[in-house]
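Tertiary structure, described
Chain by chain, the residues run as shown.
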Amino acid sequence: MLFILCSGAIAQQSESEKPYSIVIKGGHVIDPKNNLDAVMDIAIKDGKIAAIAKTIDGTQGAQLVNAKGMYITPGLIDLHVHFFWGQDGSGYMNARAGLPADGFTFPAGVTTVVDAGSPGWKSFELYKKQTIDQSQTRVLAMLNIVSEGMDSRNESDIEHMDPKSTAEMAKKYPEHIVGVKLAHFSGRGPLAHSWIPTDLALEAGKLANIPIMVDFGSATPYLPLDSLFNVKFRPGDMYTHAFGGNPEVGLTSQSGRESIVDVSTKKVKEYAVRAQKRGVIFDVGFGGSSFLFSQGIPAIKSGFYPNSISTDLHTGSMNNAMKNMPNIMSLFMAMGMPFKEVIKASTWNPAQQIKRPELGNLSIGSEADVAIFTLRKGKFGYYARDGKISGKDRLETEMTIRAGKIVYNLNAIAEPNIIQAPPRPRPANTPSNP
Ligand SMILES: [Zn+2]
């Protein structure tokens, strides 16, 4: 009789009286910042990580997630996306080559993205209204040094590059703006071989005290990467499309963009190894055609790993060889990059690169951005512009939790299974994206 009364009382306990909102049980936690690599339970409360321990009582959570046999990591950070979707612009600026965030992040285990230069200082406030304020995903941005942003009409025009206004906008919104981007510059005439765009981006980065990311365009004769990495770049500045470029440059061609692996010797060039040692960041930015196996395989085999794995997600890459973060993370594993290094390059490394050490980890008290994956075993294929390889592993996203809320759940692994009310579009000027 007493037992029945007690269990009845427990059953009536409301969710809010439970100590935790979610308890995740039985998953293998990999948290590079905290050196965690073991089966552990995680408890979430008030949108934050409340506890991580060998055992947490599952009845203490309003929802219980069964992650047995799965891997749990910090929510992924994708350092290179293009999310300035819209109708009225051009290229990747307020145009249809951009994507809306949440549909392309949560199914991939991504909770934070950095838009790599779609807006410039003149278009950032529109970007904030259209993209940042309308997304559950944490959207951060690097401002394009071109004032309008990644507008294909102005990218090679230095008259449109304004370091002072760029830095001022970055300082106005430090919670959203984490860097400056130079992309695609390809000058003509006297500007065919010019460091001016790089210098202007660096000037903005120095004025706002934030890193720059460079997507080198092409030049005639080519601009040596040794100079970019070891003369121009400060430690912390980022080179994206690190495994792309034109491998023939420097061998048979003198114009275009250099590659970091010498394809005749299959070795990473000495200056790139030296640059990474002194703190220059090598970012993947896979994109539609910005990754080559002729670059990636020799680099990974020699232990030269990208600091950050990122997608360069846009309409041209989303259904192509790239697809999403778990696909290219699996591709890097297929080339021989260790699993833990792949996770680190997709969580803790990018958090540090954008100077947001509160992100990309599962420390107690940090915002509960969590990804849960199954590491499927079998024979899988991965391809790029210059070939294909097979791999034994494929990461599949099981669940994504953003700020303590389940925002993606592939196989109904939460009990009870709560269907979230769809987020309502917010009116303009009501920011929700901390
Ligand atoms: Zn890009």
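Quick note: structure is the one above.
Residues numbered from 1 in each chain as written. Predicted model: local features only at pLDDT ≥ 70, side-chain atom pairs only at ≥ 80, totals over all residues. Heavy atoms only, no water.

Structural notes on the side chain of Ser-118
Summarising the element assignment, Ser-118 is placed in strand E7 (residues 110-120). A polar contact is formed between the side chain of Ser-118 and the side chain of Asp-115, at a distance of 2.5 Å. Setting aside chain neighbours within four positions, we find Ser-118 in contact with Val-81, His-82, Phe-83, Phe-84, Tyr-92, Met-93, Met-142, Glu-148, Gly-149 and Met-150. (Helix = DSSP H or I, 4+ residues; strand = E, 2+ residues; numbered from the N terminus. Polar contact = N/O pair within 3.5 Å; in protein donor to acceptor, adjacent residues only side chain to side chain. Contact = heavy atoms within 4.5 Å.)

Quick notes on the sheet that holds strand E10 (residues 212-215)
Here we have seven strands laid out as an open sheet, ordered E6-E7-E8-E9-E10-E11-E14, and parallel in their pairing. With partners counted over all chains shown, the strands left at the sheet margins are strand E6 (76-81) and strand E14 (281-282), one partner each. One ladder, built from six bridges, connects E7 with strand E8 (residues 138-144); its direction is parallel. Note that in E8 the partner of Thr-112 across the bridge is Arg-138. (Pairing = 2+ DSSP bridges.)

Here we look at the packing of helix H4 (residues 163-172) against helix H5 (residues 196-208)
In contact at an axis separation of 8 Å, H4 and H5 are set at 35 degrees when each is read in the N-to-C sense. Of the two possible hands of crossing, H4 and H5 adopt the one that is right-handed. In contact with Pro-163, Lys-164, Thr-166, Ala-167, Ala-170 and Lys-171 of H4, H5 contributes Leu-200, Glu-203, Ala-204, Leu-207 and Ala-208. Of the residues in the contact of H4 with H5, the class split is seven nonpolar, one polar and three charged. (Axes fitted to C-alpha atoms, helices over the stretch in contact; angles between N-to-C directions. Left-handed = near helix turned anticlockwise from the far one by under 90°. Nonpolar A, V, L, I, M, F, W, Y, C, P; charged D, E, K, R; others polar.)

Some remarks on the coordination of the zinc ion
Taken together, His-80 (NE2), His-82 (NE2) and Asp-312 (OD) make up the full set of protein donors to the zinc ion, lying 2.1 to 2.4 Å away. In primary-sequence terms, the residues that donate to the zinc ion follow H-x1-H-x229-D. With His-80 in strand E6 and Asp-312 in the loop between helix H8 (293-301) and helix H9 (325-334), this residue pair connects regions lying 232 residues apart in the sequence. Residue classification places His-80 among the buried residues on the basis of a relative accessible area of 1%. (Donors = N, O, S within 2.8 Å, 3.2 Å for Na, K, Ca; no water. Buried < 20%, exposed > 50% of the residue type's maximum accessible area, 1.4 Å probe, protein only.)

Overview of empty space enclosed by the protein
Here the structure, examined in full by the defined rule, presents two cavities of 30 Å³ or more. Of the voids in this model, the largest cavity is the one considered here, and its volume is about 130 Å³. As for the largest cavity, its lining consists of 17 residues, of which Phe-185, Phe-216, Gly-217, Ser-218 and Leu-223 are closest to the centre. Across the lining of the largest cavity, the residue classes break down as eight nonpolar, six polar and three charged. One number sums up the size of the second largest cavity: a volume of about 80 Å³. If you go around the second largest cavity, you meet 14 residues; those closest to its centre are Leu-359, Gly-360, Asn-361, Glu-367 and Asp-369. Elements supplying a minimum of two residues to the lining of the second largest cavity: E6 and E7. (1 Å grid on protein atoms, 1.4 Å probe; cavity = no way out; pocket = protein on both sides within 12 Å on 5 of 7 lines; lining within 4 Å. Points joined across faces, edges and corners; volume = space filled by probe spheres on them.)

Remarks on the pattern of salt bridges
Under the counting rule described, the total for this entry stands at 17 salt bridges. When the shortest N-O distance is used, the salt bridge between Asp-151 and Arg-153 registers 2.8 Å. Asp-151 gets classed as buried once you look at its relative accessible area, which sits at 2%. Two residues, Asp-199 and Lys-232, come together in a salt bridge whose shortest N-O distance is 2.9 Å. You can see Asp-199 sitting in helix H5 and its partner Lys-232 sitting in helix H6 (residues 225-232), a full 33 residues away along the chain. (Salt bridge = Lys/Arg side-chain N within 4 Å of Asp/Glu carboxyl O.)

Topic: the packing of H6 against helix H7 (residues 270-277)
Viewed as axis vectors pointing N to C, H6 and H7 meet at an angle of 20 degrees, and their least axial separation amounts to 9 Å. With respect to H7, the axis of H6 lies roughly parallel. In the packing of H6 onto H7, the handedness of the crossing is left-handed. Judged by residue contacts, Leu-225, Asp-226, Phe-229 and Asn-230 of H6 engage Tyr-271, Ala-272, Arg-274 and Ala-275 from H7. (Parallel < 35°, antiparallel > 145°, perpendicular 65-115°, else oblique.)

Considerations on unusual backbone geometry
Note the cis peptide between Thr-220 and Pro-221, where omega equals -10 degrees. On the secondary structure map, Pro-221 appears in the loop between E10 and H6. Here the amide bond leading from Glu-415 into Pro-416 is cis, since omega sits at -10 degrees, within 30 degrees of zero. Looking at the secondary structure, you find Pro-416 in the segment after strand E18 (414-415). Residues other than glycine seldom take positive phi values, yet His-184 does so here, at roughly 70 degrees. Inspection of the secondary structure puts His-184 in the loop between strand E9 (177-183) and H5. Residue class for His-184 comes out partly exposed when judged on its relative accessible area of 29%. In the Ramachandran plot, Lys-355 falls in the positive-phi region, its phi being about 60 degrees despite a non-glycine side chain. If you trace the backbone, Lys-355 turns up in the loop between helix H11 (348-353) and strand E15 (370-384).

Function cannot be read off these values alone, since they describe shape.
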